[in-house]
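Fold and contact review
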Amino acid sequence: MTFTPTTYNTYDFANRRHIGPSPAEMEEMLKVVGVPSLEALIDETVPPTIRQAKPLSWAPMTEHGLHNKLREVQQKNVVMTSLIGQGYYGTATPPVIQRNILENPAWYTAYTPYQPEIAQGRLEALLNFQTMVADLTGLPVANASLLDESTAAAEAMMMAQRGAKSKAKAFFVDLNLHPQTIDVLETRAAPFGIEILKGQPDEMVPDQVFGAIFQYPGTYGHVRDFTDYIAMLHEVGAIAVMATDLLALCLLKEPGAMGADIAVGSAQRFGVPMGYGGPHAAFMSCTDKLKRTMPGRIVGVSIDARGNKAYRLSLQTREQHIRREKATSNVCTAQALLAVMASFYAVFHGPMGLRAIAETVHFNAVRLHDALVAAGADVAPQAYFDTITVRVGVGQMGIMAAARQHGLNFRKVGEGRVGISVDEMTDDDVIARVLASFGILQPPPAGTHLGFPEEMLRQTEYLTHPVFHMNRAESEMMRYMRRLSDRDLALDRAMIPLGSCTMKLNAAAEMAPLTWHRFNSLHPFVPADQAAGYAEMIEDLTAKLCEITGYDAFSMQPNSGAQGEYAGLMTIAAYHRSRGDDQRDICLIPMSAHGTNPASAAMAGMKVVVVKSAPNGDVDIEDFAAKAAEAGDKLAACMITYPSTHGVFEETVKTICQITHDHGGQVYLDGANMNALVGLVRPGECGSDVSHLNLHKTFAIPHGGGGPGMGPIGVKAHLAPFLPGHSETDGKPGAVSAAPYGSASILLISWAYCLMMGGEGLAQATRVAILNANYIAARLRNSYPILFMGNRGRVAHECILDTRPFAEVGVTVDDIAKRLIDNGFHAPTMSWPVAGTLMVEPTESETKAEIDRFVTALEAIREEVRDVAEGRISAENSPLRHAPHTVEDLVAEWDRPYSREQGCFPPGAFRVDKYWPPVGRVDNAYGDRNLVCTCPPVEAWAAE
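Here we summarise the structure given alongside this text.

The rules we used
- Within every chain, residues take consecutive numbers counted from 1 along the sequence as written.
- Selection of residues for local features in this predicted model requires a pLDDT of at least 70, selection of side-chain atom pairs for listing and counting requires 80 or more, and totals for whole chains, interfaces and linings are taken over all residues.
- Side-chain measures were taken over the full set of non-hydrogen atoms in the model, leaving aside hydrogen atoms and water.
- The numbering of helices and of strands both runs from the N terminus, where a helix is a DSSP run of H or I of at least 4 residues and a strand a run of E of at least 2.
- As a reference, a globule follows 2.2 Å times the number of residues to the power 0.38, and the radius of gyration itself is taken over C-alpha atoms.
- Throughout, exposure labels follow a simple rule: accessible area from a 1.4 Å probe, protein chains only, divided by the maximum for the residue type, with under 20% read as buried, over 50% as exposed, and the rest as partly exposed.
- Whether two residues touch is decided by their heavy atoms; if any such pair falls within 4.5 Å, the residues are in contact.
- For the area figures, the Shrake-Rupley method with a 1.4 Å probe applies, and any residue is considered shielded solely by the protein chains shown.
- None of His or the chain ends enter the tally, which takes Lys and Arg as positive and Asp and Glu as negative.
- By convention, the charge on Lys lies at NZ, on Arg at CZ, on Asp at CG and on Glu at CD.
- Salt bridges are defined as contacts in which a side-chain nitrogen from Lys or Arg sits within 4 Å of a carboxyl oxygen from Asp or Glu.
- A pocket, in this scheme, is an open set of points on a 1 Å grid over the protein atoms alone with protein on both sides within 12 Å along at least 5 of 7 lines, while a cavity is a set where a 1.4 Å probe fits but cannot get out; residues line either one if an atom lies within 4 Å of a point.
- Grid points are joined across faces, edges and corners, and a volume is the space filled by probe spheres set on the points.
- We call Asp, Glu, Lys and Arg charged. Ala, Val, Leu, Ile, Met, Phe, Trp, Tyr, Cys and Pro are nonpolar, and the rest, Gly among them, are polar.
- Between 30 and 60 degrees the pair is tilted, below 30 it is stacked and above 60 it is edge-to-face, where a pair is any two Phe, Tyr or Trp rings, Trp via its six-membered ring, whose centres lie within 6.5 Å.
- Here, a charge over a ring is recorded when the distance from Lys NZ or Arg CZ to the ring centre is within 6 Å and its angle to the ring normal is within 35 degrees.
- To get an axis, a line is fitted to the C-alpha atoms, and for a helix only the part in contact is used. The angle between two axes follows their N-to-C directions and goes from 0 to 180 degrees.
- Orientation labels follow simple angle bins: below 35 degrees gives roughly parallel, above 145 gives roughly antiparallel, 65 to 115 gives roughly perpendicular, and whatever is left gives oblique.
- Take the far helix as your reference; a near helix turned counterclockwise from it by less than a right angle gives a left-handed crossing, and one turned clockwise gives a right-handed crossing.
- Whenever a nitrogen or oxygen atom comes within 3.5 Å of another N or O atom, the pair is scored as a polar contact, on the condition that within protein one atom can donate a hydrogen and the other can accept it, and that pairs from neighbouring residues in sequence are kept only if both atoms are in side chains.
- When DSSP finds two or more bridges between two strands, those strands count as paired.
- Handedness of a crossover is defined as follows: with both strands directed away from the viewer, a clockwise route from the first strand across the helix to the second makes it right-handed.
- The set of buried Ala, Val, Leu, Ile, Met, Phe, Trp, Tyr and Cys residues whose side-chain atoms join them within 4.5 Å is what this entry labels a nonpolar core.

**Section: the overall build of the protein chain**
A count of helices and strands for the protein chain gives 32 helices and 25 strands. Against the compact-globule benchmark of 30 Å for 944 residues, the protein chain has a radius of gyration of 28 Å, which places it among compact chains. C-alpha atoms of the protein chain, sized along the principal axes, occupy 85 × 75 × 70 Å. In the protein chain, buried positions account for 65% of the 944 residues. In the protein chain, of all internal contacts separated by at least 6 residues, the share reaching a separation of at least 24 is 77%. For the protein chain, the computed accessible surface area is about 32,000 Å², with 52% contributed by carbon and sulfur atoms. Separation between the mean location of the 80 positive side-chain charges and that of the 104 negative ones in the protein chain comes to 2 Å.

Here it is as structure tokens:
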């Protein structure tokens, strides 16, 4: 007998790990779809006129090969003790948080909690975050995080303009703000014609401004009381914003006590590694009167169908998907995972622990200050928390070099000073090395006195809620985290078939490097030679994204998809200005566009003109051409999504691009649906000029319960000179984020994904994503109308199920979404882009078995709708209306006209591993009428 070796390749990541269906399963699925091969399906789906000619070029790596490569690259990063400050600090991530939150797919694979019944765990953690921020800043309302401190400050400026009674057109910016924040403020102000007035606080003229922002403590360390400045602003109807530091507020008088209207900052130093710039959760809090103009998500407290307490996202009518160009912001991605980490850091340490850390940090700064002064150094400021500057004159470069010899990074301040910021990681050894850099060898004195006036001490309590006073034994912490994660439904439990959101596998091999020391410990402003590993990674990822997209250059700065949209439009605007085309301010946007598109255009100073959709869901070409012609030399851009938001490859994409170019405009192609293009179609070859890529969709960065995300932008060569600049790198204007490369550490995930998939693996993933969507459409088309299909009867990577006819018998899209929870599924995207529909995207990662389970669930739901339609049960009494069913429903008195079995164990649901939602259907209206967005009172907590 001849021995035949197996051809099975265990280490083929694309086909054995990332892509769900096996080759045999694909054959079965193709029969259902009605095509002989995967390539035949792609030929029927993707217009031949836009198919790329050359395949992607690079070969795949194995998982262990990838990790060997990453170890080699990380060795090129030099980790020193960075005392640069400027909003980024060393912090100790408690191992119980690192392992149980950051490295736990139950937390990092969850989606934004738009379905609150299956998100009660992360909603509670985010409510803890809001409570922590509200308490520490002394302001009653906080949101569930923003992207970074600088963009939070920019959001606050716009919020101040909306909320101010002053009609002034200028905004005062304290020169003690972090420089990157000033950069972002100037970028954001320009399209709105806001004049930025920079100066020292004493130079502010209140009646010239609608608001002002102060840094507390200042970027160079200054601690001062802003009460009088804020009172002066209030006298003229202006708004006061304070950019502040949560750790400092454990010791210092809080912004609310000074009368501030808005507080912003970063929660990074609450246990979140620096990661060369991110991701980190920014925070914002405000007075009660400003809460309805606050951007971002707000977690609130409501009740469920049984009257039990339930959490949800409150005031969603403020959001950009609903208000479009009239939205207060285009914020879509928050930083939920990092906000959860920061909130658990506060739970872990409690108020006494945070106070102890703050005191240790401060007294170490006092020790340094006193030792330097004793040695004759010129040290400022007189009042400080953790940061001092030392005047060294012409010796600046020598001192910086001496610090590096001792493994330290100081901050270069102007031409004659160095800045030193101590943090939680500063110990006796670090202090000794700092002093040795100045030639001081005697041990420093003990820090026993305050480095700021006693009247600046905080007088109020904070973190009084019982959750911050738990027994902090690790066993209790671990169990609390587990209890919360068990309340949620994330990708580690079931498929999340959200159209447009691309909830695909976040492979463990891609995630592992995030916690490696040489990747997660770099300050974003270290000298370039200390970040050579990051530079190599970013350069190679950029090259691969250029090859994938057909663009010529990328900016990695935007740290969310919405930021990418904004950055891309600002790049287009800068290009037009460079050509003297200042009048170009009209942006054509189809009705079907993503909700953030119109909001982003408005933020970039453009006027939105809406283009109709044709009956088949495509962009109405005649209307597009007419409106482009009407705009004429005022046309700045069009924004299109491809494949369309309706889940179809439109045949006219090149025509749309040509019409736009004929009128002098630029084409912005939204990259949200890139998962249907990679390896098959290059946007840059379709005629588009710029796209953002949602790396948290197509390129495997996990959604993290609502963030982090990354939205880098690719551009054609003529736009490359106008990409965002940054004061810490090229000194060019236009910064859109705090760090030069946005949330740089999570770029590692997308790079690892590209390396392990290889060019052919990426193309195969796209093909299978299209197969999975067409398989669902084929299986369900007899039960649910498929709303839009291409000319040859195919959908792209997602399909829209039309549930609107069911409304005639009283069954809503909400009923179907909640009933899917009983089946153990997250609902597809509801009522978008068409109200009353479900948009389904299975991605390539889902197996045939999981897709079949989903189909089984939806077919069973269709039978329940039929029962209502044919009069066997009323909609009000049906399992659809009572969904989701909880354990409390199961054990309570049962007076419903259907069985417990039907209600709680419908087809598709697991029996042994059944997911039980912790609450019943949440009352959204109640939560908005009775807005509570911090932890409920102690009495309510104790009663529960």
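**Concerning the pattern of salt bridges**
In total, this model carries 47 salt bridges according to the counting rule given. A salt bridge links Arg921 to Asp815, with the nearest nitrogen and oxygen atoms 2.9 Å apart. One end of the pair, Arg921, is in the loop between helix 30 (900-904) and helix 31 (924-929); the other, Asp815, is in helix 26 (residues 813-822), and 106 residues separate them in sequence. Accessibility assignment for this pair places Arg921 and Asp815 in one class, buried. For Arg896, the salt bridge identified is with Asp889, shortest N-O distance 3.6 Å. The class for Arg896 is buried, based on a relative accessible area of 19%. What emerges from the salt-bridge pattern is a single network uniting Glu39, Asp43, Arg51, Glu760 and Arg767.

**Comments concerning empty space enclosed by the protein**
All told, the structure shown has 10 cavities of 30 Å³ or more when counted by the stated rule. Here the largest cavity is characterised by a volume of approximately 180 Å³. Forming the boundary of the largest cavity are 20 residues, of which Leu102, Pro279, Leu338, Leu514 and Ser745 lie nearest the centre. If you tally residues by element for the lining of the largest cavity, the top one is helix 13 (residues 336-374), at 3 residues. Residues that form the lining of the largest cavity fall into these classes: 15 nonpolar, 5 polar and no charged.

**Concerning the packing of aromatic side chains**
Under the definition given, this model contains 23 aromatic pairs. Seen from their ring centres, Tyr642 and Phe649 are 5.7 Å apart, and the 75° between their planes marks the pair as edge-to-face. On the accessibility criterion, Phe649 (5% relative accessible area) is buried. Among the aromatic residues, those joined into a ring-pair cluster are Phe172, Phe214, Tyr216, Phe226 and Tyr229. Above the plane of the ring of Trp58 lies Lys544, whose end atom (NZ or CZ) is 5.0 Å from the centre. The side chain of Arg896 reaches across the aromatic face of Trp894, ending 5.1 Å from its centre.

**Some details on the packing of helix 8 (residues 149-163) against helix 9 (residues 179-189)**
Axis angle and axis distance: for two packed helices, these are the angle between their axes and the distance between the axes, and together they describe the pair. Interhelical geometry of helix 8 versus helix 9 gives an angle of 40° and a closest axis separation of 8 Å. One finds that helix 8 runs oblique with respect to helix 9. Regarding helix 8 and helix 9, the two cross each other, and that crossing is right-handed. Judged by residue contacts, Ser150, Thr151, Ala153, Ala154, Glu155, Met157 and Met158 of helix 8 engage Gln180, Thr181, Val184, Leu185, Arg188 and Ala189 from helix 9.

**Some remarks on the environment of Thr549**
Mapped onto the fold, Thr549 is located in helix 19 (residues 532-549). In this structure the C-alpha to C-alpha distance between Thr549 and Ala365, which are 184 residues apart in sequence, comes to 49 Å. Excluding residues within four positions of it along the chain, Thr549 makes contact with Phe554, Met674, Arg682, Pro683, Gly684, Glu685 and Leu693. From its side chain, Thr549 meets the backbone nitrogen of Tyr551 in a polar contact 3.2 Å long.

**A few points about the side chain of Arg921**
Residue Arg921 is classed as buried on the basis of its relative accessible area of 19%. At 2.9 Å, the side chain of Arg921 forms a polar contact with the side chain of Asp815. Arg921 has contacts with Glu117, Ile303, Asp304, Ala305, Asp814, Asp815, Lys818, Leu880, Arg881, His882, Ala883 and Pro884, leaving out every residue within four places of it along the chain.

**Considering the sheet that holds strand 5 (residues 209-216)**
Two strands in a sheet stick together by hydrogen bonds in their backbones, pointing the same way (parallel) or opposite ways (antiparallel). Spatial strand order, 2-8-7-6-5-3-4: 7 strands in an open sheet with mixed pairing. Each edge of the open sheet carries a strand with a single partner, namely strand 2 (141-142) and strand 4 (195-199). As paired strands, strand 7 (residues 262-266) and strand 8 (residues 282-286) are joined by 5 bridges and run antiparallel to one another. Bridging across to strand 8, Val264 finds its partner in Met284.

**As for the sheet that holds strand 25 (residues 837-840)**
Spatially, 23-25-24 is the arrangement adopted by the 3 strands of the open sheet, whose pairing is antiparallel. If you trace the sheet from one side to the other, it starts and ends with strand 23 (799-802) and strand 24 (829-830), each paired once. For strand 23 and strand 25, the ladder comprises 4 bridges, and the chain directions are antiparallel. Of the residues in strand 25, the one forming a bridge with Asp802 is Thr837.

**Side note on the pairing of strand 3 (residues 170-174)**
Of all 5 residues in strand 3, 5 are buried; the element is thus mostly enclosed. Here strand 3 shows a buried face lined by Ala170, Phe172 and Asp174 and a second buried face lined by Phe171 and Val173. Summarising the sheet, strand 3 and strand 4 pair through 5 bridges and their orientation is parallel. The residue of strand 4 that forms the bridge with Val173 is Lys198. Tracing the backbone out of strand 3, into helix 9 and back to the parallel element strand 4 gives a crossover that is right-handed.

**Here we look at unusual backbone geometry**
Cis rather than trans, the peptide bond between Gly707 and Pro708 has omega equal to 25°. On the secondary structure map, Pro708 appears in the loop between strand 21 (690-692) and strand 22 (713-715). In this chain, Trp832 is followed by Pro833 through a cis amide linkage whose omega measures 10°. Position of Pro833 relative to the elements: it lies in the loop between strand 24 and strand 25.

**Overview of the nonpolar core**
Met132, Phe344, Phe410, Phe438, Ile548 and Phe699 are the most contacted members of the largest nonpolar core, which has 227 residues in total. Not counting chain neighbours up to four residues away, the residues in contact with Phe438 comprise Leu372, Val390, Val392, Ile399, Phe410, Val418 and Ile420. Judged by nonpolar contacts, the second largest core, of 38 residues, contains Phe171, Ile182, Ile194 and Val241.

**Looking at the side chain of Lys504**
If you trace the backbone, Lys504 turns up in the loop between helix 16 (474-486) and helix 17 (508-511). A distance of 2.9 Å separates a polar atom in the side chain of Lys504 from a polar atom in the side chain of Glu844. For Lys504, the residues in contact, after removing those within four places along its chain, are His18, Leu491, Asn675, Lys697, Thr698, Ala700, Tyr753, Thr843, Glu844 and Ser845.

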